[in-house]
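Working through the structure, step by step
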Amino acid sequence: MSVFCEVPQAAPVAVFKLSQDFNNDQFPNKVNLGVGAYRTDEGKPWVLPVVKKVEKIIVHDDRLNHEYLPILGLPEFRSSASKIALGDDSSAIQENRVGAVQCLGGTGALKMGAEFLRRFYNGNNNTKTPVYVSAPTWENHNAVFANAGFEDVRPYKYWDAENRGLDLAGFLGDLETCPEHSIFVLHACAHNPTGTDPTHEQWKMIAEIMMRRKLFVFFDSAYQGFASGSLDKDAWAIRYFVSMGFEMFCAQSFSKNFGLYNERVGNLTIVARNADNLKRVLSQMEKIVRTTWSNPPSQGARIVAITLNTPELFAEWKDNVKTMADRVLLMRAQLKAKLQALGTPGTWDHITEQIGMFSFTGLNPKQVEYMVKEKHIYLMASGRINMCGVTTRNINYIAESIHETVTRVQ
Amino acid sequence: MSIFSEVPAAPPVAVFKLSADFREDDHPQKVNLGVGAYRTDDCLPWVLPVVKKVERLIVEDDSLNHEYLPILGLPEFRSASSKVALGDDSAAIKENRVGGVQALGGTGALRIGAEFLRRWYNGVNNTATPVYVSAPTWENHNSVFADAGFKDIRPYHYWDAANRGLDLAGLLDDLEKAPEHSIFVLHACAHNPTGTDPTQEEWKKIAEIMKRRNLFVFFDSAYQGFASGSLDKDAWAIRYFVSQGFELFVAQSFSKNFGLYNERVGNLTVVAQDSDNLTRILSQMEKIVRTTWSNPPSQGARIVSKTLNCPELFAEWKGNVKTMADRVLLMRDQLKSKLQALGTPGTWDHITQQIGMFSFTGLNPKQVEYMIKEKHVYLMASGRINMCGLTSKNIDYVAQSIHETVTKCPYCVTESLSVL
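Bear in mind the structure is a predicted one, so any value in this text is a computation, not a measurement. (Residues numbered from 1 in each chain as written. Chains lettered and ligands numbered in written order. Predicted model: local features only at pLDDT ≥ 70, side-chain atom pairs only at ≥ 80, totals over all residues. Heavy atoms only, no water.)

Looking only at helices and strands, one finds 16 helices and 13 strands in chain B. In terms of overall size, chain B behaves like a compact globule, its C-alpha atoms giving a radius of gyration of 22 Å where 420 residues would be expected to give roughly 22 Å. Across the 420 residues of chain B, 61% fall into the buried class. Of the roughly 15,700 Å² of accessible surface on chain B, a fraction of 53% belongs to carbon and sulfur atoms. For chain B, the separation between the mean place of its 44 positive charges and that of its 48 negative charges on side chains is 0 Å. (Helix = DSSP H or I, 4+ residues; strand = E, 2+ residues; numbered from the N terminus. Rg over C-alpha atoms; globule rule 2.2 N^0.38 Å. Buried < 20%, exposed > 50% of the residue type's maximum accessible area, 1.4 Å probe, protein only. Areas by Shrake-Rupley, 256 points an atom, 1.4 Å probe, with all protein chains shown as cover. Lys, Arg positive; Asp, Glu negative; His and termini not counted. Charge placed at Lys NZ, Arg CZ, Asp CG, Glu CD.)

Shown next as structure tokens:
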């Protein structure tokens with residue numbers, strides 16, 4: 001008899017199951033529009049040239065060793081990462097009230113922030129504080145906060161399926177009626193999975209209510225630079241909220257914009273009222289880090305730190321990021337054009353209005369099933385496609401498949 | 001007003017505070033015998049030659065990219081790691097009932113294992129299951145299990161301070177009296193901080209009781225190879241328990257034996273009754289990993305995996321590990337000789353009897369304070385020293401300092417040194 005005989009089989013994570021099914025598919029024209037990683041026009045992963053360059057610099061630098069990093073991470077990584085989010089001229093940084101925790105990707109940053117908030121926000125160990133995540137959102141948000149101990153994770157209205165856009169009225173309504181001090185997880189840009197972001201004016205409305213009703217701002221920033229091609233544009237919302245005087249968290253990921261998915265490079269940026277509060281917050285963060293991973297991994301943080309802190313490399317990186325963003329924008333423009341040329345029923349403006357890696361096609365579950373089973377085009381049941389999976393070689397097949405699906409399946 | 005105004009300042013982690021104080025100290029002869037990392041005889045960190053070699057291979061390999069690893073980690077790393085712990089000829093591995101979860105160092109492996117047990121062991125979400133950690137133990141064990149949700153973490157007798165050795169009777173008694181199904185965190189070798197391990201006969205007694213009383217075996221293995229210089233010797237206890245049919249966890253760290261401290265290379269080896277149980281366990285491990293770090297970092301796992309899976313590199317690595325272990329053994333030997341030569345009061349055999357990176361000197365807190373304040377020799381309040389901090393250049397000063405401390409300050413009941 002096993003002590004584990006009662007342990008149930010867990011369902012696989014959907015996006016990885018999709019990739020697995022794709023891998024097992026023998027169809028010659030199969031396309032993977034599932035998992036969120038950048039692909040070149042040849043459909044291949046891309047190690048950024050600047051990353052390759054910096055990796056060589058690191059391996060040849062005999063001054064570097066493998067001694068433990070500080071618990072909160074590589075200092076030059078933490079400060080340059082926060083600077084990227086908040087801007088070179090950030091007064092909050094100048095006022096010494098911005099700190100950071102190097103974390104394991106965006107997930108790790110969300111986790112550390114959630115664990116801290118559960119312990120110290122809105123009372124001690126107040127597991128009842130509602131945590132709001134957008135409807136829909138990245139499938140892991142809910143579980144990260146739940147596993148950090150929050151008992152009440154709720155959706156806020158976000159996606160208007162009928163109009164294929166932001167449900168602003170619903171969103172603002174939820175902000176007005178939620179309990180004070182609720183935590184809101186906001187996507188800084190390139191909303192996952194809808195690709196639909198609030199406009200500047202809409203962000204201002206959101207901020208006004210959040211400030212008035214004392215709601216906690218927790219940004220998830222996984223696509224800075226990747227969404228529009230401009231780091232500053234993609235950080236506008238974060239910087240606006242900081243300028244409005246919010247204390248807040250920002251979970252940053254460098255997985256996508258550095259293509260460093262597997263080195264787990266993330267940063268939890270903390271904006272506090274003043275240096276004293278910041279210090280106490282960071283001291284508690286150390287305790288949480290210590291019992292989870294002790295101290296963070298070095299390689300990815302070194303690559304990012306060297307790049308961000310060296311002007312020529314920084315310029316080269318921004319260029320690599322623009323390369324990725326531009327290819328995605330091109331595929332968006334071409335996919336829409338082809339669907340319009342085919343006369344595919346429905347409107348397809350949302351493909352170019354949406355931003356970032358993902359597009360919420362509007363395909364319903366039956367249509368998605370048809371795409372996967374009949375056309376061997378793999379996308380999420382929500383209708384989400386990864387634009388990076390679209391290439392000049394497969395875009396016609398994709399457009400024709402969408403056309404066929406929409407006309408045949410209702 | 002800040003929403004964080006009520007957040008209290010947390011005290012710093014002791015071992016890092018010690019290193020910070022050491023760094024600020026100007027004394028020319030200062031010695032850091034605190035944090036547990038290997039140092040060369042020049043008192044410098046050491047990047048293993050084999051690691052340097054493999055890092056170059058990795059950077060030149062254009063077939064490698066940075067795509068996400070699977071949630072459970074790099075497959076060739078996981079299997080090679082478990083093999084290092086359980087042995088090449090492991091029947092359990094052949095029976096397909098051994099799995100691995102690549103984790104963030106030993107800490108990450110302990111944490112994932114603890115999170116799993118809290119959810120699925122001894123009932124569902126049974127936070128009341130007692131977790132026993134040795135008295136003393138690594139200062140983070142308690143917190144890792146507490147933060148995973150366990151409410152009842154208790155010490156088991158381990159260190160006999162009077163006799164400077166293992167309190168076997170106390171340990172066995174705790175095993176007999178612990179509630180059934182209690183979880184026990186066992187140090188596979190080179191016990192931290194005492195450096196005192198059970199003998200093989202003593203391990204057999206421990207295993208017999210644990211089997212009979214249905215206690216859960218959770219090994220912490222942070223020093224395999226580093227302790228004795230032999231991977232197999234240092235894994236004897238783990239392999240013995242597996243051969244006795246236990247289902248168990250082993251939290252493995254490659255921080256010390258690969259010198260890869262900052263790349264966070266660890267593995268949680270899971271030994272289950274059969275492959276069906278293993279499959280279900282690993283599926284739940286995935287869920288826990290996904291909400292903690294999603295998937296693990298690649299660099300360190302690639303280095304270890306390449307090394308373990310390539311015969312020449314594996315041999316070179318074992319040579320590097322032996323270099324480290326041998327230097328530690330030499331320092332142990334020399335420190336004991338010097339203390340004996342000085343006629344320092346007390347017995348100092350424990351310095352060579354203990355094994356691994358650490359030595360529990362037996363110095364009491366006041367003596368430790370004297371060592372730090374008067375002699376600028378930094379060690380933990382428990383009297384624990386990191387043997388790696390000793391070098392041929394500082395060993396005389398350290399021996400003399402211990403001598404002075406013990407003779408001037410045997411009990412140190414007052415602050416004033418003029419009153420003995």
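Turning next to helix α10 (residues 236-243) of chain A. Every buried residue belonging to α10(A) is among Ala237(A), Ile238(A), Tyr240(A), Phe241(A) and Val242(A), and all of these are buried. Just downstream of α10(A) lies Gly245(A), where phi reads positive at about 95°.

Another point: empty space enclosed by the protein. Enumeration over the complete set of coordinates arrives at 5 cavities of 30 Å³ or more. The volume enclosed by the largest cavity comes to roughly 240 Å³. Around the largest cavity sit 21 residues that line it, and Glu55(A), Val59(A), Gln299(A), Glu55(B) and Gln299(B) are the ones nearest its centre. For the lining of the largest cavity, the elements supplying multiple residues, two or more each, are α2 (49-59) and α12 (299-309) of chain A together with α2 (49-60) and α12 (299-308) of chain B. Within the lining of the largest cavity, the residues separate by chemical class into 8 nonpolar, 6 polar and 7 charged. The calculated volume of the second largest cavity comes to roughly 50 Å³. For the second largest cavity, the full set of lining residues is Lys111(A), Asn147(A), Arg111(B), Ile112(B), Glu115(B), Arg119(B), Ile288(B), Thr291(B) and Thr292(B). The element contributing the most residues to the lining of the second largest cavity is helix α5 (residues 105-120) of chain B, with 4 residues. Partitioned by chemical class, the residues of the lining of the second largest cavity number 2 nonpolar, 3 polar and 4 charged. (1 Å grid on protein atoms, 1.4 Å probe; cavity = no way out; pocket = protein on both sides within 12 Å on 5 of 7 lines; lining within 4 Å. Points joined across faces, edges and corners; volume = space filled by probe spheres on them. Nonpolar A, V, L, I, M, F, W, Y, C, P; charged D, E, K, R; others polar.)

Turning next to the domain arrangement of chain A. All names here are of chain A. Domain parsing of chain A yields domain 1 (14-47 + 324-408) and domain 2 (68-309). On a C-alpha basis, the centroid separation for the pair domain 1 and domain 2 is 29 Å. Across the domain 1/domain 2 interface, buried area totals approximately 1,600 Å², and carbon plus sulfur atoms make up 64% of it. It is Ile355, Phe358 and Phe360 in domain 1 that bury the most area against domain 2; as a group they hold 34% of the surface buried on that side. Connecting domain 1 to domain 2 are 0 salt bridges. Linking domain 1 with domain 2 are 6 residue pairs in polar contact (both at pLDDT 80 or more), by the criterion used here. Looking at the side of domain 1 that touches domain 2, the elements with two or more residues in it are α13 (311-342) and β11 (358-360). (Domains from an automatic or database assignment. Buried area = accessible area lost by both parts, 1.4 Å probe. Salt bridge = Lys/Arg side-chain N within 4 Å of Asp/Glu carboxyl O. Polar contact = N/O pair within 3.5 Å; in protein donor to acceptor, adjacent residues only side chain to side chain.)

This brings us to the side chain of Asp174(B). Residue and element names in this part refer to chain B. Here aspartate 174 shows up in helix α7 (residues 168-177). The buried charged residue aspartate 174 lacks any salt bridge, with lysine 177 as its nearest oppositely charged partner at 6.7 Å. Apart from residues no more than four positions distant in its own chain, aspartate 174 is found in contact with Pro155, Tyr156, His157 and Phe184. (Contact = heavy atoms within 4.5 Å.)

For the rest of this paragraph, the subject is the packing of aromatic side chains. Applying the stated rule across the entire model yields 61 aromatic pairs over all chains. Ring centres of Phe145(A) and Phe218(A) lie 5.7 Å apart, and the angle between their planes is 80°; this geometry places the pair in the edge-to-face category. Placement of the pair is Phe145(A) in helix α6 (residues 141-147) and Phe218(A) in strand β8 (residues 216-221), with a sequence separation of 73 residues. Owing to a relative accessible area of 0%, Phe145(A) belongs among the buried residues under this scheme. Relative to Phe4(B), the ring of Phe216(A) has its centre 6.4 Å away and its plane inclined at 70°; by these criteria the two rings are edge-to-face. Of this pair, Phe216(A) sits in strand β8 while Phe4(B) sits in the segment before α1 (14-24), each in a different chain. Of the two residues, Phe216(A) and Phe4(B), neither departs from the other in class, the shared state being buried. Members of the aromatic cluster, each reached through a chain of ring pairs, are Phe116(A), Phe120(A), Tyr121(A), Phe145(A), Phe150(A), Phe216(A), Phe218(A), Phe249(A) and Phe4(B). One residue, Lys30(A), lies across the ring of Phe22(A), its end atom 4.4 Å from the ring centre. Cation over ring: Arg384(A) sits above Phe358(A), and NZ or CZ is 3.7 Å from the ring centre. (Phe/Tyr/Trp six-rings, centres within 6.5 Å; stacked < 30°, edge-to-face > 60°. Lys NZ or Arg CZ within 6 Å of the ring centre and 35° of its normal.)

The next subject is the pairing of strand β2 (residues 98-104) of chain A. Residue and element names in this part refer to chain A. Burial runs high along β2: 7 of the 7 residues are buried. In this structure, β2 lies alongside strand β10 (residues 265-271), joined through 7 bridges in antiparallel fashion. For leucine 104, the partnering residue across the bridge sits in β10 and is valine 265. (Pairing = 2+ DSSP bridges.)

Another point: the UniProt feature "domain: Aminotransferase class I/classII large" (unreviewed entry) in chain B. Here the UniProt-annotated "domain: Aminotransferase class I/classII large" (unreviewed entry) positions come out as residues 29-402 of chain B. In the segment residues 29-402 of chain B, helix accounts for 45% and strand for 15%; the C-alpha atoms at its two ends are 14 Å apart. (UniProt positions renumbered as here; feature names shortened; annotations may be inferred.)

It is worth spelling out the domain arrangement of chain B at this point. You'll often see interface size given as the accessible area lost when the parts meet. All names here are of chain B. Split into domains, chain B comes out as domain 1 (14-46 + 326-409) and domain 2 (68-309). Computed over C-alpha atoms only, the centres of domain 1 and domain 2 are separated by 29 Å. With 18 residues of domain 1 in contact, the opposing surface of domain 2 contributes 16 residues. Taken together, the two surfaces of domain 1 and domain 2 that pack against each other cover about 1,400 Å², and 62% of this comes from carbon and sulfur. Of all residues in domain 1, Ile355, Phe358 and Phe360 give up the largest surface area on contact with domain 2, accounting jointly for 39% of the area buried on that side. Applying the counting criterion to the domain 1 and domain 2 interface returns 0 salt bridges.

Across the contact, 76 residues belong to chain A and 77 residues belong to chain B. In total, chain A and chain B occlude about 6,800 Å² of area from one another, counting both sides; carbon and sulfur atoms represent 54% of this. Summed over the three residues of chain A that lose the most area to chain B, namely Phe4(A), His66(A) and Tyr68(A), the buried surface amounts to 12% of that side. Counting across the interface, chain A meets chain B through 6 salt bridges. Here Glu67(B) and Arg39(A) are joined by a salt bridge, their closest N and O atoms 2.9 Å apart. At the boundary of chain A and chain B, one finds 57 residue pairs in polar contact (both at pLDDT 80 or more). If you list the elements that add at least two residues to the side of chain A that touches chain B, you get α2, α5 (105-120), α6, α11 (275-290) and α12 of chain A. Each residue belonging to the side of chain A that touches chain B can be placed in one class, and the counts come to 34 nonpolar, 22 polar and 20 charged.

Before going further, it helps to examine α5(B). Residues and elements named next belong to chain B. Taking 1.5 Å of rise per residue, the 16 residues of α5 would be expected to cover 22 Å, and the 23 Å separating its terminal C-alpha atoms lies within 8% of that figure. Counting buried positions over the 16 residues of α5 gives 16, a clear majority of the element. Within two residues after α5, asparagine 122 carries a phi angle of roughly 60°, on the positive side. (Expected span 1.5 Å × (residues − 1).)

Moving on: the UniProt feature "domain: Aminotransferase class I/classII large" (unreviewed entry) in chain A. With numbering aligned to this structure, UniProt lists the feature "domain: Aminotransferase class I/classII large" (unreviewed entry) at residues 29-402 of chain A. A helix fraction of 44% and a strand fraction of 15% characterise residues 29-402 of chain A, whose end C-alpha atoms lie 14 Å from each other.

Let's shift gears to the sheet that holds β8(A). All names here are of chain A. Here 7 strands make up an open sheet; going across it, the order is β2-β10-β9-β8-β7-β3-β4 and the pairing mixed. Whereas interior strands pair on both sides, the edge strands pair on one side only; in this sheet they are β2 and β4 (153-157). Across the sheet, the axes of successive neighbouring strands diverge by a mean angle of 25°, strand direction being ignored. Of the strand pairs in this sheet, β8 and strand β9 (residues 248-253) are connected by 5 bridges, and their pairing is parallel. The partner of valine 217 across the bridge, within β9, is methionine 248. (Axes fitted to C-alpha atoms, helices over the stretch in contact; angles between N-to-C directions.)

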